[in-house]
Amino acid sequence: MSLSGRDAYRDELTRIAADDTSVICLEADLGGKGHPFEAAHPDRFFNLGIAEGAMVDMATGLAAAGYKPFISTFAPFAALRAAESLKLTLGYLAAGVTVVAPYAGVSGAWFGTTHHCLEDLAVLRSIPGVTIAAPYGEAEMRAVVREAARSGKPHYIRTGRNAAYDSLDPYGDADVPPPVTWEFRSGSGSGHDSDAVCLVSVGEEGTRLALEARRASPDTSHAHLVYLDHEHLAASAAELARHHRRFVVVEEHRGQGGAAEALALLMPGCEVTSVAAGQNWPAQGGDHEEVMAALGLDLPAVLAAVSRARGGYRPAQAAA
Amino acid sequence: MTVLLDTPPTVVETDGDAEDALFATLSERAVQARRLIVDMAASTRGCHLGGSLSVLDILIAALHRASAGDGTEVVLSKGHAAAGLYAALHVSGVLPENPAPLYGLAGHPYTGHPGPKVPGVRFPTGSLGHGVPYAAGWALARRIGGQDGLGIAVAGDGELQEGLVWETCQVAAAQQLGNFVLVVDRNGGQNDGYVEDISPLHRLPERFAAFGFEVAETDGHDLRALTAILSADRSAARRPLAVIADTVKGKGVAAVQGKAGSHYVSIDATRAAKWKRAIR
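Residues numbered from 1 in each chain as written. Chains lettered and ligands numbered in written order. Predicted model: local features only at pLDDT ≥ 70, side-chain atom pairs only at ≥ 80, totals over all residues. Heavy atoms only, no water.

### Section: the overall build of chain B
Phase 1 of the analysis: Helix and strand content of chain B: 9 helices and 8 strands.
Phase 2 of the analysis: What you see for chain B is a C-alpha radius of gyration of 18 Å, in line with the 19 Å of a compact globule of 280 residues.
Phase 3 of the analysis: Taken along its principal axes, the extent of the C-alpha atoms in chain B is 50 × 45 × 35 Å.
Phase 4 of the analysis: Taken across its 280 residues, chain B has 56% of its residues classed as buried.
Phase 5 of the analysis: Summed over its atoms, the accessible surface of chain B is roughly 11000 Å², and 49% of this surface lies on carbon and sulfur atoms. (Helix = DSSP H or I, 4+ residues; strand = E, 2+ residues; numbered from the N terminus. Rg over C-alpha atoms; globule rule 2.2 N^0.38 Å. Buried < 20%, exposed > 50% of the residue type's maximum accessible area, 1.4 Å probe, protein only. Areas by Shrake-Rupley, 256 points an atom, 1.4 Å probe, with all protein chains shown as cover.)

Put into structure tokens, the structure is as follows:
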């Protein structure tokens, strides 16, 4: 049985820290009780309390002294409350600090708008030099955390609340997730030999929806993206455009500043449709899927987008 | 000097002549640095003159403490006093080149707020409040590694209006960071006027004490007192230290000393030469 993203993070970091004594774990009172890192490495675990800005900046001081701080708090508090600290730490200083942000998107569900974060990718993507990851499932989270620790580069890793998924690919200990993971790809050769619509999934729920959509529409390709910063998206776009022209990007984020918007700019000869949260503020209760549906993020919305993409493609060169 | 320390500060025992020589050296550094700051006020950009002059003696003393080589890190959190920091780093021997002729110019790192491209500067400051947790994080790193050395943050009294400062004080006390020192350059001024008129800091020493800090109050232009406090052995301390240093905005330049209007100053070369000659 798979672990949730945040549980997989905690467990993997605890394992890494057994061999790497420079790894420090910082929490801001939302790490849950019984953190395995605290049990295994109490001298390197710090619950700093409800002080997100101080936590990020103190991690900067720790990194300057040669440590690898991993810090975690809910996505709205990391990406928005501490945004200025992230800009300076992860961006300007390129400090080797990793921010792990659960409760991304609307996984906070009935906790309400204060606990939702549909803006984090836009904020972090606009800060140069930050590696941004939204892993799907336990194995992918473990691989991303290992890579963050190994590289020593600034990372922002978003995850959901408690949902547990099986990753598309089991990564070996040393493997770095590729920019594009093909769950299914129509066509056989290189070039635009497939007219199939390609679903592009981002994050846990985007990937869940894309997998469901492909089961309902089996001739649809599905490419899953792990890394969402500009450099990785540029590589992903090159790979995607080699095989397809029509894309439906599914992401639990606002359209503005999300992956679809970036891919549309990176693939000017292709048609990119976005299935994302719009301009609404979900202000009612419900579970995660119900809140997503209120935002227009559900299977019917994805299938409708696939249908529109299938019928509406106009090659740029033909128009010219 | 008012001291509310667990252990009173001690000055390293030296013979009187050596001690006099040290403070003569530090005083001379301060004079030279003040002249450099005036040079930067006479640049095409001007500079935050008043706060640079008020914090200068604190920086001279703190950099002297760091020169012990035990891993002490000094962070100027009130980054708008960059001119003061550049000058202090230069006269203390940390920054080899004279920053004054290059201040604010394209192709050189001496911007209006300091960043890590300047030798001797690790952290970008100027967005107020951040230097305090940077230094606290540094202190935590030294403690985790079982190493000596302090994390010294130098903040302005106006800067204490930032919530991040108090957030960090809460954390530093909870983590028992005895090797974290927050020096407050209490010059009484801020951008738009006097701290007292905009957002006064009531009962500041008691406030730090309530957070769990040791507290020392001193004349922020008394290099002997500052050096004594910052040189104290804090290896066994369990409470962070707040040093409230009373200073004068524009200290050392009679034309601006004590005036709120000294916050940001741009002058011509003739006036700069006159001011520099008068600095003693």
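Resuming the write-up.
### A few points about the sheet that holds strand β7 (residues 180-184) of chain A
All names here are of chain A.
Phase 1 of the analysis: With mixed pairing, the 5 strands of this open sheet are ordered in space as β7-β9-β8-β10-β11. Looking at the sheet topology across the chains shown, the edges are occupied by β7 and β11 (271-277). On average, adjacent strands in this sheet sit at an angle of 25° to one another, irrespective of strand direction.
Phase 2 of the analysis: Summarising the sheet, strand β8 (residues 198-202) and strand β9 (residues 221-225) pair through 5 bridges and their orientation is parallel. Bridging from a neighbouring strand, S201 pairs with H224 of β9.
Phase 3 of the analysis: Along the sheet, helix α8 (residues 203-216) makes contact with β7, β8, β9 and β10 (246-254), crossing β8 at roughly 155°. (Pairing = 2+ DSSP bridges. Axes fitted to C-alpha atoms, helices over the stretch in contact; angles between N-to-C directions. Contact = heavy atoms within 4.5 Å.)

### Regarding the environment of I279(B)
All names here are of chain B.
Phase 1 of the analysis: Looking at the element boundaries, I279 is found in the segment after α9 (269-278).
Phase 2 of the analysis: On the accessibility criterion, I279 (1% relative accessible area) is buried.
Phase 3 of the analysis: The sequence separation of I279 and A237 amounts to 42 residues, and the corresponding C-alpha distance is 39 Å.
Phase 4 of the analysis: Aside from chain neighbours lying at most four places away, what touches I279 is V31, R34, R35, V38, G252 and V253.

### Observations regarding the interface of chain A and chain B
Phase 1 of the analysis: Contacts between the two partners involve 21 residues from chain A, matched on the other side by 23 residues from chain B.
Phase 2 of the analysis: Between chain A and chain B lies a buried interface of about 1900 Å² when both sides are counted; carbon and sulfur atoms form 73% of it.
Phase 3 of the analysis: The largest contributions to the chain A side of the interface with chain B come from F46(A), D57(A) and M58(A), which together make up 27% of the buried area.
Phase 4 of the analysis: Here chain A and chain B share 0 salt bridges between them.
Phase 5 of the analysis: Where chain A packs against chain B, one counts 7 residue pairs in polar contact (both at pLDDT 80 or more).
Phase 6 of the analysis: With 9 residues, the single largest contributor to the side of chain A that touches chain B is helix α3 (residues 52-64) of chain A. (Buried area = accessible area lost by both parts, 1.4 Å probe. Salt bridge = Lys/Arg side-chain N within 4 Å of Asp/Glu carboxyl O. Polar contact = N/O pair within 3.5 Å; in protein donor to acceptor, adjacent residues only side chain to side chain.)

### Side note on the pattern of salt bridges
All names here are of chain B.
Phase 1 of the analysis: As enumerated under the stated definition, the model contains 27 salt bridges over all chains in all.
Phase 2 of the analysis: For the salt bridge of D57 with R34, the shortest nitrogen-to-oxygen distance reads 2.9 Å. One end of the pair, D57, is in helix α2 (residues 49-66); the other, R34, is in helix α1 (residues 16-41), with 23 residues separating them in the sequence.
Phase 3 of the analysis: With a relative accessible area of 4%, D57 lands in the buried category.
Phase 4 of the analysis: Residue class for R34 comes out buried when judged on its relative accessible area of 6%.

### Concerning empty space enclosed by the protein
Residue and element names in this part refer to chain A.
Phase 1 of the analysis: As enumerated under the stated definition, the model contains 2 cavities of 30 Å³ or more in all.
Phase 2 of the analysis: In this model, the largest cavity occupies a volume close to 100 Å³.
Phase 3 of the analysis: Taken together, A104, A134, P135, R158, T159, G160, V202, G203, E204, E205, G206 and E252 make up the full set of residues lining the largest cavity.
Phase 4 of the analysis: When residues of the lining of the largest cavity are assigned to their parent elements, the largest contribution, 4 residues, is made by α8.
Phase 5 of the analysis: For the lining of the largest cavity, the class distribution of residues is 4 nonpolar, 4 polar and 4 charged.
Phase 6 of the analysis: Here the second largest cavity is characterised by a volume of approximately 60 Å³.
Phase 7 of the analysis: In terms of lining residues, the second largest cavity is bounded by R6, Y9, R10, E27, L30, G31, S72, T73, F74 and P102.
Phase 8 of the analysis: Tallying contributions element by element places helix α1 (residues 5-19) first for the lining of the second largest cavity, with 3 residues. (1 Å grid on protein atoms, 1.4 Å probe; cavity = no way out; pocket = protein on both sides within 12 Å on 5 of 7 lines; lining within 4 Å. Points joined across faces, edges and corners; volume = space filled by probe spheres on them. Nonpolar A, V, L, I, M, F, W, Y, C, P; charged D, E, K, R; others polar.)

### Observations regarding the side chain of H155(A)
Residue and element names in this part refer to chain A.
Phase 1 of the analysis: Its location among the elements puts H155 in strand β6 (residues 155-158).
Phase 2 of the analysis: A polar contact of 2.8 Å, which involves the side chain of H155, links it to the backbone oxygen of K153.
Phase 3 of the analysis: Residue contacts for H155: discarding those within four places in its chain leaves L90, V97, T98, V99, V130, T131 and A148.

### Notes on the packing of aromatic side chains
Residue and element names in this part refer to chain A.
Phase 1 of the analysis: All told, the structure shown has 12 aromatic pairs over all chains when counted by the stated rule.
Phase 2 of the analysis: Both rings, one in W110 and one in F111, keep their centres 5.1 Å apart while their planes meet at 45°; by these two values the pair is tilted.
Phase 3 of the analysis: In this structure an aromatic cluster arises from ring pairing among F74, F77, Y103, W110 and F111.
Phase 4 of the analysis: Geometry around W182 places R185 over its ring, the cationic atom sitting 5.5 Å from the centre. (Phe/Tyr/Trp six-rings, centres within 6.5 Å; stacked < 30°, edge-to-face > 60°. Lys NZ or Arg CZ within 6 Å of the ring centre and 35° of its normal.)

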